[in-house]
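Residue-level structural notes
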2 protein chains.
Amino acid sequence: MTIPPTDGQPRYRALREAMGAAGLDAVALVPGPNFRRIFGRAFHQNERPLVVLVPLEGAPAAVVPALEEASFAGLGFEGEAFLWRDEEGYQAAFDAAAHAIPAPNRLGVEGQHMRVFEQFALHRALPAAACLDAQAAISRIRLLKTPEEVAHLREAIRRSEAALEETLGAVRLGMSEAEIERLLVRNLFDAGVQELSFAPIVAAAGNAAEPHAVARQDYPLAPGDALLFDFGGTWQGYRADITRTFFAAEVSDADRAFYESVRAANAAGRAAARPGQSCGALDDVVLRVLEASPHADGIVHKTGHGLGLDVHEDPYIQRGNETLLEPGMVFTIEPGLYRRGRIGVRIEDDMLVTETGAESLTSFPRALRLVG
Amino acid sequence: MTIPPTDGQPRYRALREAMGAAGLDAVALVPGPNFRRIFGRAFHQNERPLVVLVPLEGAPAAVVPALEEASFAGLGFEGEAFLWRDEEGYQAAFDAAAHAIPAPNRLGVEGQHMRVFEQFALHRALPAAACLDAQAAISRIRLLKTPEEVAHLREAIRRSEAALEETLGAVRLGMSEAEIERLLVRNLFDAGVQELSFAPIVAAAGNAAEPHAVARQDYPLAPGDALLFDFGGTWQGYRADITRTFFAAEVSDADRAFYESVRAANAAGRAAARPGQSCGALDDVVLRVLEASPHADGIVHKTGHGLGLDVHEDPYIQRGNETLLEPGMVFTIEPGLYRRGRIGVRIEDDMLVTETGAESLTSFPRALRLVG
């Protein structure tokens, strides 16, 4: 792998290393976490395409909506920006930007973030280039968090956990999931988070059995219900992602045992995570605890995902993933067990790999707790 | 155009009419506004692909992450769902779903909502099909709002306007944009909105000159500054989108004239909108007012966009768009003028086309107002 000269363009150094390793001649970046990491500024994706083409060597080029010109100028972009106005459309700007960089044979795009209409416009501009989904290769630039990034995550988590505690104090039997969710969101912003990491999940009883449940307006929280919160706020773009499950007023012995199986799996994962371990091996540690429990048929998902400027990113803690954990990686450990129509329990922590093991950035207590 | 039999699948009727008109044999839907309109339920997009293939005739098929099985079951889906688990990946489910529908020649996708990795998986499963960006064709099913949809928009707007009034009462000189934005967000949730329509914009002085500004932590609101709010909350998925611009404590004569040019353009557009008028002609009415003002060089964007389950959708109120307005269409009228580094003014209303003209669903006063 050759590291090309990046004189005057130091912010592309890590990206170009990743491109070299993946055999890419150019990448096309869209607003999102990689864009923010490289340019230090958030842009929102909308129906007006904004794409930056970064060649392995030479100056980058950009396709920029005219109305974003002032915002874009704030980036101190090193290459030429081809502006397009609503009334003329964007294809000519794609064509011009494509011709401003050395013609690529292999063009990488962020498959999870670029949308089809943008890729189609790129393909029309560069019909001879092979367009490859290079999501993982490009996102390698964000895989190892700097101390500053970890500090932002800690701040996001601290504020999010404070909002959860505040919310639990206000939960009462008979409240709807939607009502509790509104309380949580208000408490998150009161705690000073800057955005929601994602649309939060507040789900009780049978609804908690759906990993991506939508809060119901019409179900009143009843004694013995599990009550699951999966939520987080952001700080400087970095996203907390925390799940805790409580019980309303009381808990049956069977549900307590169900809960404790998940808690044991979460604890085993937190204790086992360390540098040099593969993501797949860590998933095994966690899932084996669930598989050895009487509730093994309640397993529906892997252990976790990376976390940072994106809420789901590498490394994925999943069987078959041979990636070795390294100090600076941040990911979730979130085992869950589910009984359709009856109960769901998930306990999710945000972990930082250290030199000797892993630290849980989340510290909200995990012992079974009754609320309401 | 033949309307195919839809026995037992009435919810695809409008979609299949749109497909017939666009010459599509099948469409691939991803979670988002069209999905929600058809299935009556919100799903969130994440890194696990969920795609529904709807052929022009016959049963649909779906690619569904195993952990969404319970949520997906709630849709009462008419076809076969091909589940995939994290450890095995999703391509086999794409292949199986593709073979479960009649082989399409022309496959339409939502270019603004489908991501590249999903389209690549579709292409591998259906290499012989031409994959077309059919965003506009598919979204036609949402172009004319039902009375129930309009009621949801009214509710979203009513709550959003209440939150703005509450926020203005708390604005003080010296506050940062970020501080005011946090107040606004809290007031939106206190007013009962269910989600934010989009990340709100709160921008003062020179920052207001960037149409998609990000709130600053460090700029204190000063006398004479313009203060622009572009924001909205949702109700049942329907998105308010409102912009108002105020001045902090005082306003210069020059800035008042600048503001009044925008207000006149907004008023002209609201008065002119009516069934049978083209979107391009309406844009002309609005832009001509700005062009005739002494600030014509401050124009950077078109008049508006459609609004509903998506925050930017058809019809786009833009020169060259020959679409004729029809009763039931909802769109924004949001002229703006900008002086880079100094000031931006935008006034945005949400309009419903009626039988005889157009009604502004937004009613927040537009007269120049001093705050703080």
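Residues numbered from 1 in each chain as written. Chains lettered and ligands numbered in written order. Predicted model: local features only at pLDDT ≥ 70, side-chain atom pairs only at ≥ 80, totals over all residues. Heavy atoms only, no water.

1. A short note on the overall build of chain A
To keep it simple, the criterion reads: Working definition: helices are DSSP H or I runs of at least four residues, strands are E runs of at least two. Numbering for both runs from the N terminus. Atoms counted for the radius of gyration: C-alpha only. Globule rule: 2.2 Å times residue count to the power 0.38. For the exposure calls, accessible area comes from a 1.4 Å probe over protein chains only, and a residue counts as buried if that area is under 20% of its type's maximum, exposed if over 50%, partly exposed in between. Areas reported here follow the Shrake-Rupley algorithm with a probe of radius 1.4 Å; residue values treat only the protein chains shown as occluding.
When you go through chain A residue by residue, the secondary structure sums to ten helices and 19 strands. In terms of overall dimensions, chain A is globule-like: its C-alpha atoms have a radius of gyration of 23 Å, near the 21 Å expected for 372 residues. Evaluated residue by residue, chain A yields a buried proportion of 61% over its 372 residues. Here chain A displays about 13200 Å² of accessible surface, and carbon together with sulfur accounts for 50% of that area.

2. Comments concerning the sheet that holds strand 4 (residues 80-84) of chain B
All names here are of chain B. Spelled out, the test is: When DSSP finds two or more bridges between two strands, those strands count as paired. Comment: axis = line fitted to C-alpha atoms, over the contacting stretch for helices; angle = value between 0 and 180 degrees taken between N-to-C directions.
As summarised here, the arrangement of the six strands in space is 4-3-2-1-5-6, forming an open sheet in which the pairing is mixed. With one partner strand each, in any of the chains shown, strand 4 and strand 6 (130-133) form the two edges of the open sheet. Direction aside, neighbouring strands of the sheet carry axes that sit 20 degrees apart on average. Alignment of strand 2 (residues 51-55) against strand 3 (residues 61-65), held across three bridges, turns out to be antiparallel. In the strand pairing of strand 3, Val51 is matched with Val63.

3. Considerations on the domain arrangement of chain A
Residues and elements named next belong to chain A. Note the cut-off: By convention here, the domain bounds are inherited from an automatic or database domain assignment. Simply put, the buried area is the total loss of 1.4 Å probe accessible area from both parts when two parts are fitted together. Here, a salt bridge means any Lys or Arg side-chain nitrogen found within 4 Å of an Asp or Glu carboxyl oxygen. The definition of a polar contact used here is a pair of N or O atoms within 3.5 Å, where within protein one atom must be able to donate a hydrogen and the other to accept one, and adjacent residues in sequence count solely through side-chain atom pairs. Ten residues, namely Ala, Val, Leu, Ile, Met, Phe, Trp, Tyr, Cys and Pro, are considered nonpolar, four, namely Asp, Glu, Lys and Arg, are considered charged, and the remaining ones, Gly among them, are considered polar.
Assigned domains of chain A: these are domain 1 (10-142) and domain 2 (147-371). One C-alpha centre belongs to domain 1, the other to domain 2; they are set 34 Å apart. Between domain 1 and domain 2, the buried area comes to about 680 Å², and carbon and sulfur atoms account for 42% of it. Contact with domain 2 buries surface across domain 1, with Arg36, Arg37 and Arg142 losing the most and accounting together for 61% of the total. Joining domain 1 to domain 2, the criterion identifies two salt bridges. Linking domain 1 with domain 2 are four residue pairs in polar contact (both at pLDDT 80 or more), by the criterion used here. The dominant element in the side of domain 1 that touches domain 2, judged by the number of residues it contributes, is helix 2 (residues 33-39), at three residues. The residue inventory of the side of domain 1 that touches domain 2, partitioned by class, reads two nonpolar, two polar and three charged.

4. Re the side chain of Ser278(B)
All names here are of chain B. Let me state the cut-off plainly: Contact between two residues is taken to exist if any of their heavy atoms lie within 4.5 Å; hydrogens are not considered.
With respect to the helices, strands and loops of the structure, Ser278 is situated in the loop between helix 9 (253-272) and helix 10 (279-291). Its relative accessible area of 14% is what places Ser278 among the buried residues. With residues near it in sequence (within four places) discarded, Ser278 still touches Asn321, Glu322, Thr323 and Leu324.

5. Comments concerning the interface of chain A and chain B
At the junction of the two partners, chain A supplies 50 residues and chain B supplies 51 residues. Both sides of the chain A and chain B interface together cover about 4700 Å² of buried area, and 53% of this is carbon and sulfur. Linking chain A with chain B are ten salt bridges, by the criterion used here. Where Glu47(A) meets Lys302(B), a salt bridge forms, and the shortest distance between an N and an O atom there is 4.0 Å. The interface formed by chain A and chain B holds 22 residue pairs in polar contact (both at pLDDT 80 or more) in total. Among the elements of the structure, helix 3 (69-73), helix 5 (116-125), strand 6 (130-133) and helix 8 (177-190) of chain A are those that each provide at least two residues to the side of chain A that touches chain B. The leading source of residues in the side of chain A that touches chain B is helix 8 of chain A, at five residues.

6. Some words on the side chain of Asn266(B)
All names here are of chain B. With respect to the helices and strands, the residue Asn266 is situated in helix 9. Of the residues examined, Asn266 reaches a relative accessible area of 0% and is grouped as buried. Sequence-distant contacts of Asn266, that is, excluding residues within four places in its chain, are made with Ile333, Pro335, Ile347, Glu348, Asp349 and Arg366.

7. Concerning the pattern of salt bridges
Summed over the entire model, instances satisfying the criterion amount to 56 salt bridges over all chains. Across the salt bridge formed by Glu210(A) and Arg41(B), the nearest N and O atoms sit 3.0 Å from each other. Residue Glu210(A) is found in the loop between strand 7 (201-204) and strand 8 (226-231), and its partner Arg41(B) is found in the loop between helix 2 (33-39) and strand 2; the two belong to separate chains. Its salt-bridge partner being Glu260(A), residue Arg263(A) comes within 2.9 Å of it at the nearest N-O pair. Taken together, the residues span about one helical turn, with Arg263(A) and Glu260(A) both in helix 9 (residues 253-272) at a distance of three residues. What makes Glu260(A) partly exposed here is its relative accessible area of 27%. Through salt bridges with shared partners, a single network forms among Glu47(A), Arg48(A), Asp86(A) and Lys302(B).

8. Points about the relation of the copies chain A and chain B
One copy of the chain maps onto the second through a rotation around an axis plus a translation along that axis. Put simply, the test is: Superposition of the copies was done by least squares, using only C-alpha atoms of residues whose pLDDT is at least 70 in both.
Laying chain A over chain B is done by rotating through 180 degrees and shifting 0.0 Å along the axis; what remains is an RMSD of 0.0 Å. Taken together, the rotation and translation describe the operation of a two-fold axis. Scanning chain A for the C-alpha nearest the rotation axis identifies Arg115(A), at a separation of 2.1 Å. When the interface residues of chain A are mapped onto chain B, 100% of them are again interface residues, pointing to one common binding face.

9. Here we look at the state of the cysteines
Worth spelling out the cut-off: The disulfide criterion used throughout: a pair of cysteine sulfur atoms within 2.5 Å.
For the coordinates displayed, the defined rule picks out zero disulfides over all chains. There is no disulfide at Cys131(A), and the cysteine sulfur nearest it, in Cys131(B), is 13 Å away.

10. Considering the packing of helix 5 of chain A against helix 5 (residues 116-125) of chain B
Put simply, the test is: By the definition adopted for this analysis, an angle is roughly parallel if under 35 degrees, roughly antiparallel if over 145, roughly perpendicular if from 65 to 115, and oblique otherwise.
Between helix 5 of chain A and helix 5 of chain B, the shortest axis-to-axis distance is 8 Å and the interhelical angle comes to 70 degrees. Between helix 5 of chain A and helix 5 of chain B, the angle is such that the two are roughly perpendicular. In this structure, helix 5 of chain A contributes Val116(A), Gln119(A) and Phe120(A) to the contact, and helix 5 of chain B contributes Val116(B), Gln119(B) and Phe120(B).

11. A short note on helix 10 (residues 279-291) of chain A
Residue and element names in this part refer to chain A. Rules: Every helix has an expected span of 1.5 Å times one less than the residues it contains.
Relative to the 18 Å expected for 13 residues at 1.5 Å per residue, helix 10 spans 18 Å between its end C-alpha atoms, a close match to the ideal helical length. Taken residue by residue, helix 10 has Cys279, Gly280, Leu282, Asp283, Asp284, Val286, Leu287 and Leu290 as its buried positions. Where helix 10 is buried, its residues meet helix 9, strand 13 (313-317), strand 14 (330-333) and strand 15 (336-339).

12. Side note on the packing of helix 4 (residues 91-99) of chain B against helix 5 of chain B
Residue and element names in this part refer to chain B. Worth spelling out the cut-off: A crossing counts as left-handed when the near helix is turned anticlockwise from the far one by less than a right angle, and as right-handed when that turn is clockwise.
Relative to each other, helix 4 and helix 5 sit at 55 degrees, their axes nearing to 9 Å. Taken together, the axis directions place helix 4 and helix 5 in an arrangement best described as oblique. Here the hand of the crossing between helix 4 and helix 5 comes out right-handed. Residue-level inspection shows Gln91, Phe94, Asp95 and Ala98 of helix 4 in contact with helix 5, the latter providing Glu118, Ala121, Leu122, Arg124 and Ala125. A per-class count over the contact of helix 4 with helix 5 returns five nonpolar, one polar and three charged.

13. Description of helix 8 of chain A
Residue and element names in this part refer to chain A. With 14 residues, helix 8 should cover 20 Å at 1.5 Å per step; its first-to-last C-alpha distance of 20 Å lies within 8% of that length. Where burial is concerned, most of helix 8 is hidden: ten out of the 14 residues are buried. Buried within helix 8 are the following residues: Glu177, Ala178, Ile180, Glu181, Leu183, Leu184, Val185, Asn187, Leu188 and Phe189. After helix 8 finishes, the residue Gly192 shows a positive phi value of roughly 95 degrees.

14. Things to note about the confidence of the model for chain A
Residue and element names in this part refer to chain A. Threshold: Values of pLDDT, ranging from 0 to 100, describe the predictor's confidence in every residue of the model.
When pLDDT is averaged across chain A, the result is 95; 98% of the residues are at 70 or more. Predicted confidence for residues 1-6 stays below pLDDT 50, and this span has eleven contacts to residues more than four positions away or in other chains. This complex was scored by the predictor with a pTM of 0.92 and an ipTM of 0.92.

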